[in-house]
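Commentary on secondary and tertiary structure
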Amino acid sequence: MAVESRVTQEEIKKEPEKPVDREKTCPLLLRVFTTNNGRHHRVDEFARGNVPSSELQIYTWMDATLKELTSLVKEVYPEARKKGTHFGFAIVYPDPKRQSYRVKDIGSTVSGRKGADDSMTLQSQRFQIGDYLDIAITPPNRTPAMPGRMRPY
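Criteria and thresholds
Residues numbered from 1 in each chain as written. Predicted model: local features only at pLDDT ≥ 70, side-chain atom pairs only at ≥ 80, totals over all residues. Heavy atoms only, no water. UniProt positions renumbered as here; feature names shortened; annotations may be inferred. Pairing = 2+ DSSP bridges. Helix = DSSP H or I, 4+ residues; strand = E, 2+ residues; numbered from the N terminus. Buried < 20%, exposed > 50% of the residue type's maximum accessible area, 1.4 Å probe, protein only. Polar contact = N/O pair within 3.5 Å; in protein donor to acceptor, adjacent residues only side chain to side chain. Contact = heavy atoms within 4.5 Å.

Going by an unreviewed UniProt entry, the protein carries the name Histone deacetylase complex subunit SAP18 and comes from Coilia grayii. Recorded in UniProt for the protein, the comment headed Function (unreviewed entry) runs: "Involved in the tethering of the SIN3 complex to core histone proteins." Under the Sequence similarities (unreviewed entry) heading, UniProt states for the protein: "Belongs to the SAP18 family."

Below is the structure:
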């Protein structure tokens, strides 16, 4: 006799996040790939063990916020420090059914401005250790690309 879970998406979202004790919890290696043209990398750039060349490796925790990750990226890329620079975040994760990767847009931040996604955490977006983070950086004088473009699904 099989037992099946009947947990709904609303119940999962209502579950409070457990805070991570950063003194006692070992950080994870977050592999981040960035572009400065306002568009995310194509899914096929992650195919067959390949990854884009613009990799940053960040040690962080599952409760890292998008704003916190934005500040770490700005430390590496001085041109991204300008007020009004837009950072679009997406999780790149393996899809075992298709033996390829999928991309899920999770939120955005803007340098020098407060936003609704600033306090969003990796954990709240179902990030799993081994997933990649893709950040599309758009300079302040350009409009960010619309999410969902060039997606095969």
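Both strand β3 (residues 86-95) and strand β4 (residues 100-110) contribute to a ladder of ten bridges, which runs antiparallel. By the bridge assignment for β4, Tyr93 is matched with Arg102. Counting the residues that bridge the hairpin from β3 to β4 gives four residues, and of these Gln99 lies at a positive phi of roughly 50°.

Right, let's talk about the pairing of strand β2 (residues 55-60) for a bit. Only one face of β2 is buried, namely the one carrying Leu56, Ile58 and Thr60, since none of Glu55, Gln57 and Tyr59 on the opposite face is buried. With six bridges joining them, strand β1 (residues 28-35) and β2 adopt antiparallel strand pairing. Within β2, the residue paired with Leu28 across the bridge is Thr60.

Let's shift gears to the side chain of Thr35. Note that Thr35 resides in strand β1. Taking relative accessible area as the criterion, Thr35 reaches 13% and is therefore assigned buried. There is a polar contact of 3.3 Å between the side chain of Thr35 and the side chain of Asn37. In contact with Thr35, not counting residues within four places along its chain, are His41, Ile135, Ala136 and Ile137.

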